[in-house]
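# Structure assessment
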Amino acid sequence: MKKDNILKKLANKAYEFGFVSKIKTEIIEQGLNEDIIRLISKKKNEPEWLLEFRLESYRYWQTLEMPEWAHLSIPPIDYQAISYYADPLKKNKENKNKEIDPELMKTFEKLGIPLEERLALSGTAVDAVMDSVSVKTTFKEELREKGIIFCSMSEAVQEYPDLVRKHLGSVVNYRDNFFAALNSAVFSDGSFVYIPKGVRCPMELSTYFRINAANTGQFERTLIVADDDSYVSYLEGCTAPMRDENQLHAAIVEIVVNDNAEVKYSTVQNWYPGDAEGKGGVYNFVTKRGDCRGRGSKLSWTQVETGSAITWKYPSCILRGDNSQGEFYSVALTNNYQQADTGTKMIHLGKNTRSTIISKGISAGKSQNSYRGLVRVSKNADGARNYSQCDSLLLGSECGAHTFPYMDIHNNSAVIEHEATTSKISEEQLFYCNQRGIGTEEAIGLIVNGYAKEVLNKLPMEFAIEAQKLLSVSLEGAVG
Amino acid sequence: MENLLEIKNLHATIDGKEILKGINLTVKAGEVHAIMGPNGSGKSTLSNVLVGHPAYTVTEGEIIYKGKNLLELAPEDRSHEGLFLSFQYPVEIPGVSITNFMRAAVNAKRQYQGQEPMNATEFLKMMREKRAMVNLDSKLANRSVNEGFSGGEKKRNEIFQMAMLEPTLSILDETDSGLDIDALRIVAEGVNKLKRDDTSSIVITHYQRLLDYIKPDIVHILYNGRIVKTAGPELVMELEERGYDWIKNEN
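Residues numbered from 1 in each chain as written. Chains lettered and ligands numbered in written order. Predicted model: local features only at pLDDT ≥ 70, side-chain atom pairs only at ≥ 80, totals over all residues. Heavy atoms only, no water.

## Some details on the pattern of salt bridges
All names here are of chain B.
- On inspection of all chains with the given rule, the structure shows 30 salt bridges over all chains.
- A salt bridge links Lys 68 to Glu 81, with the shortest nitrogen-to-oxygen separation between them at 2.9 Å. Taken together, the residues span a long stretch of sequence, with Lys 68 in strand E5 (residues 68–69) and Glu 81 in the loop between helix H2 (75–80) and strand E6 (83–86) at a distance of 13 residues.
- Among the residues examined, Glu 81 registers a relative accessible area of 10% and is labelled buried.
- Between Lys 154 and Glu 92 there is a salt bridge whose closest N-O contact spans 3.7 Å. Here Glu 92 lies in the loop between E6 and strand E7 (93–97) and Lys 154 lies in helix H6 (residues 151–165), a separation of 62 residues in the sequence.
- What makes Lys 154 buried here is its relative accessible area of 18%. (Salt bridge = Lys/Arg side-chain N within 4 Å of Asp/Glu carboxyl O. Helix = DSSP H or I, 4+ residues; strand = E, 2+ residues; numbered from the N terminus. Buried < 20%, exposed > 50% of the residue type's maximum accessible area, 1.4 Å probe, protein only.)

## Quick look at the sheet that holds strand E4 (residues 56–65) of chain B
All names here are of chain B.
- In space, the 4 strands of this open sheet follow the order E2-E1-E4-E5, with antiparallel pairing throughout. With partners counted over all chains shown, the strands left at the sheet margins are strand E2 (17–28) and E5, one partner each.
- Sheet analysis places E4 next to E5, joined by 2 bridges and oriented antiparallel. The partner of Ile 64 across the bridge, within E5, is Asn 69. (Pairing = 2+ DSSP bridges.)

## Considerations on the packing of aromatic side chains
Residue and element names in this part refer to chain A.
- Within the structure shown, the criterion is met by 20 aromatic pairs over all chains.
- Taking the centre distance of 5.3 Å and the plane angle of 75 degrees together, the rings of Trp 61 and Tyr 79 count as edge-to-face. Of this pair, Trp 61 sits in helix H3 (residues 48–62) while Tyr 79 is found in the loop between H3 and strand E2 (86–87), placing the two residues 18 residues apart along the sequence.
- Overall, Trp 61 belongs to the buried group, its relative accessible area being 9%.
- With a relative accessible area of 10%, Tyr 79 lands in the buried category.
- Between Phe 178 and Phe 179, the ring centres sit 5.1 Å apart and the planes meet at 90 degrees, which makes this aromatic pair edge-to-face. (Phe/Tyr/Trp six-rings, centres within 6.5 Å; stacked < 30°, edge-to-face > 60°.)

## Focus: the nonpolar core
- Of all hydrophobic cores here, the largest spans 112 residues; its most connected members are Phe 101, Met 102 and Ile 202 of chain B.
- Element by element, the count of residues in this core is highest for helix H10 (residues 440–456) of chain A, at 9 residues.
- If we skip the residues at most four places from it in the chain, Met 102 of chain B touches Phe 123, Met 127, Phe 160, Gln 161, Met 164 and Leu 165 of chain B.
- Counting residues in hydrophobic clusters, the runner-up holds 55 residues, among them Ala 70, Ile 82, Tyr 84 and Leu 248 of chain A. (Core = buried A, V, L, I, M, F, W, Y, C linked by side-chain atoms within 4.5 Å. Contact = heavy atoms within 4.5 Å.)

## A closer look at the sheet that holds strand E11 (residues 218–223) of chain B
Residues and elements named next belong to chain B.
- The sheet built from 6 strands is open, its strands ordered E6-E9-E10-E3-E11-E12 with mixed pairing. With partners counted over all chains shown, the strands left at the sheet margins are E6 and strand E12 (226–231), one partner each. The sheet shows a mean angle of 20 degrees between the axes of neighbouring strands, direction not considered.
- Pairing of E6 with strand E9 (residues 169–173), which is carried by 4 bridges, proceeds in the parallel orientation. Bridging across to E9, Ser 86 finds its partner in Leu 172.
- Set on the sheet, helix H8 (residues 234–242) makes contact with strand E3 (32–36), E11 and E12; between it and E11 the angle comes to about 45 degrees. (Axes fitted to C-alpha atoms, helices over the stretch in contact; angles between N-to-C directions.)

## Digging into the interface of chain B and chain A
- Each side of the interface is counted separately: chain B has 30 residues, and chain A has 20 residues.
- Of the roughly 2100 Å² buried between chain B and chain A, counting both surfaces, carbon and sulfur atoms make up 64%.
- For the interface between chain B and chain A, the tally reads 1 salt bridge.
- When the shortest N-O distance is used, the salt bridge between Glu 158 of chain B and Arg 436 of chain A registers 2.6 Å.
- Scanning the region where chain B abuts chain A turns up 14 residue pairs in polar contact (both at pLDDT 80 or more).
- Considering every element that reaches the side of chain B that touches chain A, the biggest residue donor is helix H3 (residues 98–112) of chain B, with 5 residues.
- Residue composition of the side of chain B that touches chain A, by class: 19 nonpolar, 8 polar and 3 charged. (Buried area = accessible area lost by both parts, 1.4 Å probe. Polar contact = N/O pair within 3.5 Å; in protein donor to acceptor, adjacent residues only side chain to side chain. Nonpolar A, V, L, I, M, F, W, Y, C, P; charged D, E, K, R; others polar.)

This is the structure in structure tokens:
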């Protein structure tokens with residue numbers, strides 16, 4: 001069989017969002033030191049405690065080394081060659097208000113994220129972040145009427161300092177890991193969400209992250225607090241221009257889930273993955289964690305990861321409250337020279353806690369795709385249950401799929417199930433489709449989407465359709 | 001009658017080994033041809049070469065289909081031009097429902113013909129009608145293509161797909177293999193219902209029993225990569241009585 005002839009020609013895949021917008025952007029000088037951190041904090045007019053938080057994080061970060069345990073080969077990163085703050089909003093000298101460049105509005109429109117409320121996707125409120133700054137948040141007032149806070153992190157620091165101070169770093173401590181410390185030192189913007197007691201958020205909340213400026217890093221920080229008996233579904237999307245240089249994106253997402261509250265967090269990650277030769281692309285080193293503090297609380301992570309040159313990301317759940325539930329649904333697709341090491345941690349602390357992990361890896365080209373997951377059941381977590389399913393699908397014979405499941409069980413009543421499969425798209429399957437009139441690329445799209453269906457079904461409708469298209473596009477050129 | 005398919009001096013190899021050694025065969029519109037022969041004579045190779053399986057290489061000869069050089073067409077375009085193969089061993093495609101699979105197939109053909117994709121209502125109606133035609137359980141239609149199907153269900157699914165795609169020339173490759181007598185009858189009835197005056201079939205089989213249900217106009221015996229005998233339906237009976245040994249001895 002000439003399987004490789006069909007499957008190995010991994011040509012340039014079409015990256016639809018690789019354009020650069022000409023927006024006058026204020027970029028601070030490259031480099032990282034305490035003065036830079038003070039400058040960022042000053043630009044954002046931050047209270048003293050937050051500056052202290054940053055400096056403490058920075059000092060701790062300096063004592064750390066890049067983590068090397070992941071199945072990734074990460075080229076050395078020069079942290080002094082990055083600019084840590086880029087602001088695309090221009091200041092109007094007369095009224096001191098910041099103005100949105102029409103070019104910026106156009107950029108988001110081009111990305112399918114209209115920032116005018118009348119054009120918005122039905123039932124979705126958006127916080128749009130470009131480079132280091134939140135550009136605009138839609139439907140803020142409507143949500144405020146229900147007591148829901150949805151705004152940029154910078155605004156939250158000014159308007160709701162107590163809420164921010166109480167929760168910031170309470171789920172992901174700055175000492176958590178190298179990138180968490182870095183982010184805590186230099187984070188610029190991101191979204192803040194607070195859902196009050198008993199409120200069901202009537203809209204999907206979403207943040208769209210766009211990197212535009214060159215030689216900058218994006219270090220956003222998102223904090224979601226769901227109070228007792230509340231519900232929110234939150235979506236996150238991201239893209240970046242095509243550039244030959246790598247760009248660093250190191251974010252933190254913290255989620256607090258109180259009694260009987262439910263948070264659904266969905267990501268469609270489409271950072272620029274680099275070209276077919278592995279040049280350029282975003283380094284996506286992200287710490288995402290939710291703390292299910294309340295009894296009967298529930299947190300569900302759904303991610304579709306198709307972008308980034310390197311992904312290092314483990315959205316996790318701390319199941320602290322009794323009867324709390326954590327879910328992780330993931331599709332990670334790597335093509336060309338992309339590398340992904342992604343998975344989750346389910347930490348069972350409360351009684352009768354349950355977790356579900358469904359991970360679907362798809363590897364093509366010369367890419368390396370790893371699932372890394374930890375299920376920990378502590379001594380007191382009576383009646384904990386976990387079900388994990390890790391599937392890998394290989395296209396071609398030059399890519400790699402790896403599974404690293406860790407289990408750390410300290411309670412005999414735990415019921416832990418783990419299933420794993422590895423499969424390949426065979427030439428016979430493709431030929432069968434061809435004979436029925438379905439071209440090879442479409443056939444691969446059909447098979448890949450079928451394989452990922454279980455996860456895609458967890459996404460809100462509009463996102464699911466986007467994600468389906470994205471999976472097919474990301475494999476375009478995966479066959480010759 | 002017009003020639004639908006003309007195979008001239010066809011030679012084909014797999015992994016460098018020559019399997020077809022000069023096939024000549026003409027199928028006119030409306031005809032049903034049976035190709036019989038002992039195991040290893042090249043029957044499945046012939047059907048695979050006709051639909052453009054990439055594992056086979058044509059080294060000599062030509063195939064004219066609807067006046068076109070068939071060998072220049074990609075497998076999916078051969079399908080769009082009305083060529084259909086009912087596979088001997090249909091593959092499983094996990095995660096892809098028969099409905100989605102057929103919608104992709106039907107719409108790819110429509111696109112090739114410059115038509116708009118079929119709308120969902122129309123498509124589902126067509127699915128229902130064709131399913132009824134071949135007695136395909138509606139539960140099967142929602143399952144993944146061939147996944148966990150019994151032998152009979154797989155073959156019935158092939159005939160269902162044939163009904164959906166309405167081919168001009170269908171090739172049934174050992175469609176009877178692995179079927180019990182009831183399944184065989186259902187499959188054969190489906191094929192007969194789909195027969196029109198302007199469509200043709202090539203029925204490839206080792207045994208005569210399928211030909212009790214699907215009546216051929218012309219019967220060929222394929223042996224060692226060549227068609228060694230061509231006659232009317234009476235040849236089936238002769239093979240039934242005498243077996244294949246006399247063919248082997250004569251050649």
